[in-house]
Amino acid sequence: MSGTKNENTEEQILNAAKNVFQSKGMDGARMQEIANEAGINKAMLHYYYRSKQLLFEAVFKNAFSLLAPQLNAVLNDDSPIEEKVRNFSSNYISFIEKHPYLPNFIIQELNRNPDFILKMKGNNGFPNLEKFKNQVAVEVENGTIKNVSAEQLFINILALNVFPFIAKPLIQGLITVEEDGFQQIIEDRKTEVADFIINSIKK
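Here is what the cut-offs are and how they apply
Residues numbered from 1 in each chain as written. Predicted model: local features only at pLDDT ≥ 70, side-chain atom pairs only at ≥ 80, totals over all residues. Heavy atoms only, no water. Salt bridge = Lys/Arg side-chain N within 4 Å of Asp/Glu carboxyl O. Buried < 20%, exposed > 50% of the residue type's maximum accessible area, 1.4 Å probe, protein only. Helix = DSSP H or I, 4+ residues; strand = E, 2+ residues; numbered from the N terminus. Axes fitted to C-alpha atoms, helices over the stretch in contact; angles between N-to-C directions. Left-handed = near helix turned anticlockwise from the far one by under 90°. Contact = heavy atoms within 4.5 Å. Nonpolar A, V, L, I, M, F, W, Y, C, P; charged D, E, K, R; others polar. Phe/Tyr/Trp six-rings, centres within 6.5 Å; stacked < 30°, edge-to-face > 60°.

K.L.:
Any details on the pattern of salt bridges? Residues and values, ideally.
P.N.:
Any two side chains of opposite charge can pair if their charged atoms end up close together. For the structure on display, the rule yields 10 salt bridges. Where E33 meets K24, a salt bridge forms, and the shortest distance between an N and an O atom there is 2.6 Å. Exposure remark for E33: the relative accessible area of 27% places this residue in the partly exposed category. When the shortest N-O distance is used, the salt bridge between E97 and K190 registers 3.4 Å. Placement of the pair is E97 in helix 5 (residues 81-98) and K190 in helix 11 (residues 179-201), with a sequence separation of 93 residues. Residue classification places E97 among the partly exposed residues on the basis of a relative accessible area of 30%. One network of salt bridges, in which partners are shared, links E82, R86 and D195.

Right, here's the structure in full:
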């Protein structure tokens with residue numbers, strides 16, 4: 001076997017692994033199934049990734065690397081809090097509509113292996129709350145917003161935007177809405193979530 005790894009083959013493997021991990025989870029996935037999905041033999045798969053854990057970590061890092069810039073946008077740009085909330089809600093929901101597997105995949109596996117996030121924290125680009133916390137403190141002091149906790153505000157922003165994607169079947173069942181209706185609800189949330197959060201912190 002050649003000593004040089006092919007980027008196209010590696011991308012093919014990661015896409016196949018993403019699909020299998022998404023449907024089976026880490027514990028249910030099998031390397032042979034991933035190899036079949038990628039259209040390669042198992043020996044080739046092991047040449048690129050010696051173990052299922054290493055392959056999973058690569059898939060997870062790719063998934064998180066897609067999500068992290070969306071979180072950093074709300075944490076680290078210089079726009080006012082109100083504008084930041086509006087931009088995040090609109091941009092995040094649009095982003096997840098294109099990558100609907102991400103929230104469930106990341107949360108499911110963080111629950112399975114919570115220590116894995118500690119490895120991720122050492123990576124460049126991992127979301128950091130410090131600038132956001134300072135900005136909230138300044139806006140509270142200036143009287144722009146109520147005396148709110150930056151941590152609680154961030155959790156609210158994240159939760160209200162993420163939850164509908166994680167709980168899609170539950171929401172569809174509870175409010176009796178088909179796919180088209182659900183997609184319209186998601187589209188409406190780009191402004192509904194922002195309005196709700198902004199009205200809750202405005203003086």
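K.L.:
Account for the packing of helix 1 (residues 7-28) against helix 2 (residues 31-38), naming residues and giving values.
P.N.:
Interhelical geometry of helix 1 versus helix 2 gives an angle of 145° and a closest axis separation of 8 Å. Every pair of crossing elements has a handedness; the one defined by helix 1 and helix 2 is right-handed. Of the residues in helix 2, those in contact with Q12, I13, A16, A17, N19, V20, F21, K24 and G28 of helix 1 are E33, I34, E37 and A38. In the contact of helix 1 with helix 2, the residues fall into 7 nonpolar, 3 polar and 3 charged.

K.L.:
Let's hear about the packing of aromatic side chains: which residues, and what values?
P.N.:
All chains considered together, the criterion is met by 5 aromatic pairs. Here F21 and F56 contribute two aromatic rings whose centre-to-centre distance is 5.2 Å and whose plane-to-plane angle is 90°, an arrangement assigned as edge-to-face. Of this pair, F21 sits in helix 1 while F56 sits in helix 4 (residues 52-76), placing them 35 residues apart in sequence. F56 carries the same exposure label as F21, and that label is buried. Residues Y47 and Y48 carry aromatic rings whose centres are separated by 5.4 Å and whose planes lie at 90° to one another, so their mutual orientation is edge-to-face. You can call Y47 partly exposed: its relative accessible area is 24%. Under the relative-accessibility criterion, Y48 is labelled buried at 7%. Among the aromatic residues, those joined into a cluster by ring pairs are F21, F56 and F60.

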